Amino acid sequence: MSLMSEVIKIVSEDARLHGFTKVEKIDVIVGDLSNVLPDALELAFYYFQKQGLGILDESTELHIIREKAKAKCQTCMFEFTPDYRLALCPKCRLPNCLLISGETFRVESYEGCDEQ
C-alpha cells in the first residue's frame, strides 16, 4: 500500500506541475528481484483509484512492466536467470556473478490530460 501511495503521490505532483488535471495511465517497471509483488501493487492501485487519491479516477490504468532477472558470471561470462540476488553460476559453479537486471522498481512513464 505504501509503495503504491508513493507512486501515486509522485505522479500526481509531477502531473500537476505540467498542468494535467487527470492521469490516464501509469507505467511501472517491477523487477523479478525487486521484492515488490505485482499483484499487491495492483490491488493497492485499485483501492486508491476508488478513493480518488491524487488525480486518479476510475478510468486511470496501471500497466506493470515485468523486468526479468539476468545475471552474468564474471569468470566464464555465462548469462543466466538467477533465482536470488546472490547466485552461483550454473555453468562454472563459482559465486562471481553480477546482476544485470531484475532489481528495478520505478515509474517508467505516465499519461495525463488537462481536461476534466
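Refer to the structure presented above.
Here's a quick rundown of the structure. All values derive from a computational prediction rather than experimental measurement. Chains are numbered independently. Their residues run from 1 in the order of the written sequence. Two thresholds apply to this predicted model, a pLDDT of at least 70 for residue-level local features and 80 or more for giving and counting side-chain atom pairs, whereas whole-chain, interface and lining totals are computed over all residues. As a rule here, side-chain values cover all heavy atoms of the structure and leave hydrogens and water aside.

**Details of helix α1 (residues 2-17)**
Helix and strand definitions here come from DSSP, where helices need a minimum of 4 consecutive H or I residues and strands a minimum of 2 consecutive E residues; each element is numbered from the N-terminal end. Working rule for helices: expected span equals 1.5 Å times residues minus one. An ideal rise of 1.5 Å per residue puts 22 Å on 16 residues; α1 measures up with 23 Å between its terminal C-alpha atoms. Think of it in three bands: residues with accessible area under 20% of the maximum for their type are buried, residues over 50% are exposed, and the middle band is partly exposed, with areas taken using a 1.4 Å probe on protein chains only. Buried within α1 we find Met-4, Val-7, Ile-8, Val-11, Ser-12 and Ala-15. Angular distribution of buried residues about the axis of α1 spans 125 degrees; they occupy a single face of the element. The exposed set on the far side of α1, more than 90 degrees from its buried face, consists of Ser-2 and Leu-17. Once α1 ends, the next one or two residues include Gly-19, with phi positive near 85 degrees. The directions considered for the arc are those from the helix axis to the C-beta atoms.

**Examining the packing of aromatic side chains**
Between the rings of Phe, Tyr and Trp (Trp by its six-membered ring), a pair exists once the centres lie within 6.5 Å; its type follows the angle of the planes, with under 30 degrees stacked, over 60 edge-to-face, and the other angles tilted. Summed over all chains, the structure comprises four aromatic pairs. Aromatic pair Phe-20 and Tyr-110: ring centres 6.2 Å apart, planes at 90 degrees, arrangement edge-to-face. Pair noted here: Phe-20 is in the loop between α1 and β1 (22-31) and Tyr-110 is in strand β6 (residues 105-113), with a separation of 90 residues, a long-range link. Centroid distance Phe-45 to Tyr-46: 5.6 Å. Interplanar angle 65 degrees. Geometry classified as edge-to-face. By relative accessible area, which is 0% here, Phe-45 ends up buried. Residue classification places Tyr-46 among the partly exposed residues on the basis of a relative accessible area of 39%.

By themselves, these are just geometric observations and shouldn't be taken as functional.
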